[in-house]
Amino acid sequence: AEEPGPVRPLYHFTAERNFINDPNGLVVADGEYHLFYQHNPEGDRWGHMSWGHAVSRDLVRWQHLPIALRESGGIMAFSGSAVLDSTNTSGFGRGAMPPMVAIFTGDGLGKQTQNLAYSTDRGRTWTMYAKNPVLDIGSKEFRDPKVFYHHGTGRWIMATVLADQHKVRLWGSKDLKSWEKLSDFGPAGATGGVWECPELFSARVERATRMWQWVLKVDVNPGAPNGGSGGQYFVGEFDGKEFRPERKPDAPPLWIDGGKDFYAAQAWNDAPGEDPTWIGWMNNWQYANDIPTSPWRGAMTAPRRVRLRRTRDGHRLVQLPAESLRSLRGREMKLGPRPIPPGDIPLGGEGVEGTALEVAAAFRPGDCATVGLKVRTGEGEETVIGFDRKSGELFVDRTRSGKVAFSRDFPGRHAAKLPAGAADDVLFVYALIDATSVEVFADGGAVAMTDQIFPRPDSRGVSLFATGGTARLESLSAWPLRP
Ligand code: FRU
């Protein structure tokens, strides 16, 4: 029998069993969102890396499919991307069926190379390209190809990392098979550990009409502000050849997420709508092999829509969960305005509780020191989501979130600075709570914080709290989310 205890996430993606890490091969084709992912088919720790596979029509309800790419001949299938080659530039198509092409890192025989595989049956079965690899620079630290079609120059672009040199190297191709070097970006920003999983896309500027900027994301491991793995981004221009950041290369890094568990994000190619949507691996290499779940290990974050906000210091990322999550909502529980004196106010009596919840609250901090929500509360357990008025920070404290002792790097309090003025009037906080995670968004997505938690299944309470003075709740809505 399985140990009672953290139950499986209700609305976050997990594999049926065994270890997963990065999302891979995100592409939309025939109305299906494909999610491939780093997977060990044989065990619940990292190893034998292969591409697991699932599809969804709404980013919420996933259907598991057989493993797409397997480790073979001592070469593992590391991270990469997929494209729909609709005009058959690669020649892998069959009749009128355009090929789906996966571009992935082969890791083995002492090096990392970029390789192709293709499918002409909607990603169900895959054939390795006979002339692999398509890129080999004789390096052990050359990986994570993200390929997309650049309409301006009419060719495929591939972003890769030279991981230990803290460089993103861009390549161009007409047929996905032969690649020419375009440019290098970096070192810049955070250069701790290695650089991994580059991503390059254009995103819309909030409130501006038809204004777009390019975003180059690259992850660092270790070297993130809360320890271990994390993602940074640069905003700038991309002309089809070179990425030029709007800030100086020695400007302080910009982080995607203020928590500890958002890594290796990738955006869907060919997604409908104007805004890119990405999904991250909800984990951190410090403890990814040790989190207390079974028989699965690892989950994806909620998919997030990405935009930019123009500020005096340049553009900043704003992220909000994909709209389609709303289709899981049960009946809304709504609370009206009330003071929050120092202490905790449990909301169970008013029907606000649950394992899987969406909560939207508006707080007026008044003269408090901290104000916010406690979620997944129970005997001796709580996860605190708060605003610290003096520091102007949003924080998540998971030191009492159930099982925390499996790694000394797990328990902790994480904080992220809010934009100036975000809490001058009311502060909007929005949280997605699930069996093993909280994702918190504030100020319209200017701050995002993602943290895993492992409370007991019966820790389902929600409270309001304040310290050091009286704050005020303006309104709160909570929705139970269906599995
Ligand atoms: C990032 C990463 C990638 C690599 C993959 C291996 O988490 O280290 O750089 O391709 O995981 O599983």
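Small disclaimer: the values here were computed from a predicted structure and weren't measured.

## Structural notes on the overall build of the protein
Next up, step 1: Within the protein, the regular secondary structure consists of 0 helices and 35 strands.
Next up, step 2: At 22 Å, the protein has a C-alpha radius of gyration in line with the 23 Å of a compact globule built from 483 residues.
Next up, step 3: Viewed in the frame of its principal axes, the protein has a C-alpha envelope of about 70 × 55 × 40 Å.
Next up, step 4: Every one of the 483 residues in the protein was classed for burial, and the buried ones make up 59%.
Next up, step 5: Excluding contacts between residues fewer than 6 apart, the proportion of contacts in the protein whose partners are at least 24 apart in sequence is 61%.
Next up, step 6: Summed over its atoms, the accessible surface of the protein is roughly 18,600 Å², and 49% of this surface lies on carbon and sulfur atoms.
Next up, step 7: Seen as two clouds, the 57 positive and the 58 negative side-chain charges of the protein have centres 3 Å apart.

## Considerations on the sheet that holds strand 7 (residues 111-119)
Next up, step 1: Spatially, 4 strands are ordered 5-6-7-8 in an open sheet, and the strand pairing comes out antiparallel. If you trace the sheet from one side to the other, it starts and ends with strand 5 (76-84) and strand 8 (127-128), each paired once.
Next up, step 2: Across 7 bridges, strand 5 lies against strand 6 (residues 100-108) in antiparallel orientation. Note that in strand 6 the partner of Ala82 across the bridge is Ala102.

## Some points on the pairing of strand 15 (residues 230-238)
Next up, step 1: With 8 of its 9 residues buried, strand 15 lies for the most part within the structure.
Next up, step 2: In this sheet, strand 15 lies alongside strand 14 (residues 212-221) in antiparallel orientation, the contact comprising 7 bridges. Residue pairing across strands places Asp219 opposite Gly231, the latter belonging to strand 15.
Next up, step 3: Bridge count for strand 15 against strand 17 (residues 254-255) is 2 bridges, and the pairing is antiparallel. The residue bridging Gln232 from the neighbouring strand is Trp255, located in strand 17.
Next up, step 4: Pairing geometry for strand 15 and strand 16 (residues 243-245), over 3 bridges, is antiparallel. Among the inter-strand pairings, Glu237 is bridged to a residue of strand 16, identified as Arg244.
Next up, step 5: From the end of strand 15 to the start of strand 16, which pair antiparallel, there are 4 residues, and Gly240 there has a positive phi angle of about 95°.

## Some words on the UniProt feature "domain: Glycosyl hydrolase family 32 C-terminal" (unreviewed entry) in the protein
Next up, step 1: Here the UniProt feature "domain: Glycosyl hydrolase family 32 C-terminal" (unreviewed entry) sits at residues 349-480.
Next up, step 2: Here residues 349-480 is 0% helix and 55% strand, with 15 Å between the C-alpha atoms at its ends.

## Things to note about the site of the ligand
Next up, step 1: In the vicinity of the ligand there are 13 residues, among which Asp22, Gln38, Arg143, Asp144 and Glu196 approach most closely.
Next up, step 2: Within the side chain of Arg143, one N or O atom sits 2.8 Å away from an oxygen atom of the ligand.
Next up, step 3: The separation between an oxygen atom of the ligand and a polar side-chain atom of Trp285 is 2.9 Å.
Next up, step 4: Coverage of the ligand by the protein amounts to 95% of the 320 Å² it exposes when considered alone.
Next up, step 5: Taken together, the elements giving at least two residues each to the shell around the ligand come down to strand 1 (18-29), strand 5, strand 9 (142-150) and strand 13 (194-204).
Next up, step 6: A per-class count over the shell around the ligand returns 6 nonpolar, 3 polar and 4 charged.

## Here's the deal with unusual backbone geometry
Next up, step 1: The step from Gly186 to Pro187 runs through a cis peptide bond, and the omega angle for that step is 0°.
Next up, step 2: With an omega of 5°, the peptide bond between Ser294 and Pro295 qualifies as cis.
Next up, step 3: Counting through the fold element by element, Pro295 comes out in the loop between strand 19 (277-281) and strand 20 (296-297).
Next up, step 4: Look at Ala264: it is not a glycine, yet its phi comes out positive at around 60°.
Next up, step 5: Summarising the element assignment, Ala264 is placed in strand 18 (residues 263-267).
Next up, step 6: Not every positive phi belongs to a glycine, and Asp443 is a case in point at roughly 55°.
Next up, step 7: As for its position among the elements, Asp443 is in the loop between strand 32 (437-442) and strand 33 (447-452).

## Details of the UniProt feature "domain: Glycosyl hydrolase family 32 N-terminal" (unreviewed entry) in the protein
Next up, step 1: Taken from the UniProt record, the annotation "domain: Glycosyl hydrolase family 32 N-terminal" (unreviewed entry) applies to residues 12-321.
Next up, step 2: As annotated, residues 12-321 has a helix share of 0% and a strand share of 51%, and its two end C-alpha atoms lie 12 Å apart.

## Some details on the pattern of salt bridges
Opposite charge on two side chains makes pairing possible when the charged atoms of those side chains draw close.
Next up, step 1: If you walk through the whole model with that rule in mind, you get 38 salt bridges.
Next up, step 2: Across the salt bridge formed by Asp443 and Arg309, the nearest N and O atoms sit 3.1 Å from each other. Pair noted here: Asp443 is in the loop between strand 32 and strand 33 and Arg309 is in strand 21 (residues 304-311), with a separation of 134 residues, a long-range link.
Next up, step 3: Where Arg329 meets Glu358, a salt bridge forms, and the shortest distance between an N and an O atom there is 2.6 Å. One end of the pair, Arg329, is in the loop between strand 22 (314-321) and strand 23 (333-335); the other, Glu358, is in strand 26 (residues 357-364), with 29 residues separating them in the sequence.

## Some words on the layout of surface pockets
Next up, step 1: In this structure, the largest pocket occupies an estimated 930 Å³ of space.
Next up, step 2: As for the largest pocket, its lining consists of 33 residues, and the residues nearest its centre are Arg316, Lys417, Leu418, Pro419 and Ala446.
Next up, step 3: Contributions of two or more residues to the lining of the largest pocket are made by strand 17, strand 21, strand 22, strand 30 (413-417) and strand 33.
Next up, step 4: Per-element tally for the lining of the largest pocket: the top contributor is strand 22, with 4 residues.
Next up, step 5: Looking at side-chain class alone, the lining of the largest pocket contains 18 nonpolar, 5 polar and 10 charged residues.
Next up, step 6: By volume, the second largest pocket amounts to about 680 Å³.

Definitions and limits used
Residues numbered from 1 in each chain as written. Predicted model: local features only at pLDDT ≥ 70, side-chain atom pairs only at ≥ 80, totals over all residues. Heavy atoms only, no water. Helix = DSSP H or I, 4+ residues; strand = E, 2+ residues; numbered from the N terminus. Rg over C-alpha atoms; globule rule 2.2 N^0.38 Å. Buried < 20%, exposed > 50% of the residue type's maximum accessible area, 1.4 Å probe, protein only. Contact = heavy atoms within 4.5 Å. Areas by Shrake-Rupley, 256 points an atom, 1.4 Å probe, with all protein chains shown as cover. Lys, Arg positive; Asp, Glu negative; His and termini not counted. Charge placed at Lys NZ, Arg CZ, Asp CG, Glu CD. Pairing = 2+ DSSP bridges. UniProt positions renumbered as here; feature names shortened; annotations may be inferred. Near = heavy atom within 4 Å. Polar contact = N/O pair within 3.5 Å; in protein donor to acceptor, adjacent residues only side chain to side chain. Nonpolar A, V, L, I, M, F, W, Y, C, P; charged D, E, K, R; others polar. Salt bridge = Lys/Arg side-chain N within 4 Å of Asp/Glu carboxyl O. 1 Å grid on protein atoms, 1.4 Å probe; cavity = no way out; pocket = protein on both sides within 12 Å on 5 of 7 lines; lining within 4 Å. Points joined across faces, edges and corners; volume = space filled by probe spheres on them.

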